[in-house]
Amino acid sequence: MAALRSPLDEPLLAPAGKDDEEQRGGGDDDVTSSQLLLNQGTGGASFSRSCLNVSNVISGVGMLSVPYALAQGGWLSLALFALVGAVCYYTGELVARCMRAGGDSGGAAVRSYPDIGQLAFGAAGRKAIGAVMYAELYLVAISFLVLEGDNLDKLLPGAAVALPGGGLLRGRQLFILAAAAVILPTTWLRDLSVLAYVSAVGLVASAALTASLVWAGIAEHGFHAKDGNVFSLAGLPTSLSLYFVCFSGHGVFPTVYTSMRHKKDFTKVLLASSVLCSLNYAVTAVLGYLIYGDDVKSLVTLNLPSGKVYTRVAILTTLVTPLAKFALVIQPITAGVEEKLSLAGAGAGRGGSLLRRAAISTGVLASTVVAACTVPFFGYLMSFIGSSLNVTVAVLFPCLSYLRIYGPRGGVRRGEAVGIVGILVVGVCVAVVGTYTSLHQIAGTF
């Protein structure tokens, strides 16, 4: 690896140990989201801490859209949900095997997805997977703002602000701008460790959402799922794409593996976390669909009646995670822009560096605001992310890398190779059909 490293050369979630700081030159400008989310001790992360880390990564905003995904695909799509979870668990194990291959080869340690890409496909592989991961981060940042705008509009309906020119700003656009104003100062920080603690409430928010749906079902609607679909072929691409969003934590698996005290336990950590998150997702999907049936919206919180205590609890807890994680998500993007513009380490002094970083992060945030105000539906955006990017990161890349690394060594059994090829074929079909469907849906709303 070259001495002057691009952000594509750095793991998105790098362990924060002393050795890693020395390897990276000790630069605190390069603090990334995983250093903050994975606050490890010098002895490595324990089994329980690793389970918490993986669960916190897997369990995200995808939970809000799983009832909608179930409504799109019908009850039988739950079998596909289980299949997607199993496939993503298996590909996560393939990521760990690729990590071990890097250590066994005697070369440079494999610490990130781009490192696996380089081990498998050389420099082109590193750049390709890095570009996909940054695109995924950018779209996730946009989805955070869409989530904030839609939910705040639900919580405070009818809010409007008069503009100086005589216009009126109202609805979701108003709240997207308000959320961006709150988030903006956090994007200027160089040390985001405080936000890492706040972002840990994501698991609590997930539990609060499930509890709110139970409350809503008992107090208001009941569990009946009027006119529920058994199976819908037309809605299957959207359903599958959203299911893949639920298990899109593969980008941080290399760091969790590296940071563990006992790396041989990674498979158990991944299995425990996947089962826990799958159960939470499934319960939320079933409850949401049982209560609202085919009328469930792309954000299940938008179905909750206004003015109710459980609605406020669900929305408020849901809003915390995007506010806390936005700065963590765009920080690698900001670092990438700095590198491309040759601003990082330009020698203008600490004050000038802070101003440049603030200007770039403000520009990135402004671009996501424009995109969030343009994208009309959260579900369609998440479907696009799931089909085009999550499938690539969680399915296609691990399978291709594993075959490329272990195939020439004779380490892939024939039956396993056939299974992996089958996964690749399904993954490509989901990516192509899902991407086309989501883009068609988005275009049809304009």
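Scroll up for the structure.
By convention here, each chain's residues receive numbers from 1 onward along its written sequence. Per-residue local features are limited, in this predicted model, to residues with pLDDT of at least 70; the limit for side-chain atom pairs, both in listing and counting, is 80 or more; totals at the level of whole chains, interfaces and linings are taken over all residues. With hydrogens and water excluded, all non-hydrogen atoms of the structure serve as input to the side-chain values.

A. The packing of aromatic side chains, seen in detail. Under the pairing criterion, centres of Phe, Tyr and Trp rings, with the six-membered ring standing for Trp, must be within 6.5 Å; the plane angle then separates stacked pairs below 30 degrees from edge-to-face pairs above 60, leaving the rest tilted. All chains considered together, the criterion is met by 9 aromatic pairs. With 5.5 Å between their ring centres and 45° between their planes, Phe81 and Phe247 make a pair best called tilted. Linking Phe81 in helix 5 (residues 77-104) with Phe247 in the loop between helix 11 (236-246) and helix 12 (253-259), this pair joins segments that are 166 residues apart in sequence. Only protein chains enter the accessibility calculation, which uses a 1.4 Å probe. A residue is then buried if its area is under 20% of the maximum for its type, exposed if over 50%, and partly exposed in between. On the accessibility criterion, Phe81 (7% relative accessible area) is buried. A run of DSSP states H or I qualifies as a helix once it reaches four residues; a run of E qualifies as a strand once it reaches two. Both are numbered from the N-terminal end.

B. A look at the packing of helix 4 (residues 66-73) against helix 11. Angles run from 0 to 180 degrees between N-to-C directions of axes, and those axes are lines fitted to C-alpha atoms, restricted for helices to the stretch in contact. Across the interface, helix 4 lies against helix 11 with an axial gap of 8 Å and an inter-helix angle of 150°. Between helix 4 and helix 11, the crossing angle belongs to the class labelled roughly antiparallel. Between helix 4 and helix 11 lies a crossing of left-handed hand. Along the contact surface, helix 4 presents Val66, Tyr68, Ala69, Leu70, Gln72 and Gly73, while helix 11 presents Leu236, Thr238, Ser239, Leu242, Tyr243 and Cys246. Looking at side-chain class alone, the contact of helix 4 with helix 11 contains 8 nonpolar, 4 polar and no charged residues. When describing relative orientation, an angle under 35 degrees is termed roughly parallel and one over 145 degrees roughly antiparallel, while 65 to 115 degrees is termed roughly perpendicular and anything else oblique. Each crossing gets its handedness from the near helix: less than a right angle anticlockwise from the far helix is left-handed, clockwise is right-handed. Should any heavy atoms of two residues lie within 4.5 Å, those residues are considered in contact. Gly is put with the polar residues, along with every residue not named as nonpolar or charged; the nonpolar set is Ala, Val, Leu, Ile, Met, Phe, Trp, Tyr, Cys and Pro, and the charged set is Asp, Glu, Lys and Arg.

C. How the structure looks around the pattern of salt bridges. Put simply, a salt bridge is a Lys or Arg side-chain nitrogen that is within 4 Å of an Asp or Glu carboxyl oxygen. A full pass over the atoms with the stated rule returns 6 salt bridges. As a salt-bridge pair, Glu416 and Arg97 come within 2.6 Å of each other at their nearest N and O atoms. Of this pair, Glu416 sits in helix 17 (residues 414-444) while Arg97 sits in helix 5, and the two are 319 residues apart along the sequence. Overall, Glu416 belongs to the buried group, its relative accessible area being 12%. Between Lys264 and Asp265 there is a salt bridge, with the nearest N and O atoms lying 3.6 Å from each other.

D. Representation of the packing of helix 3 (residues 47-58) against helix 13 (residues 266-292) in the model. Where helix 3 meets helix 13, the axes come as close as 9 Å, and the angle between the chain directions of the two elements is 40°. Here helix 3 lies oblique to helix 13, going by the angle between them. Taken as a pair, helix 3 and helix 13 cross one another with a handedness that is right-handed. Counting all contacts with helix 3, which are made through Phe47, Ser50, Cys51, Val54, Ser55 and Ile58, the residues of helix 13 involved are Lys268, Val269, Leu270, Ala272, Ser273, Ser274, Leu276, Cys277 and Tyr281. Across the contact of helix 3 with helix 13, the residue classes break down as 10 nonpolar, 4 polar and 1 charged.

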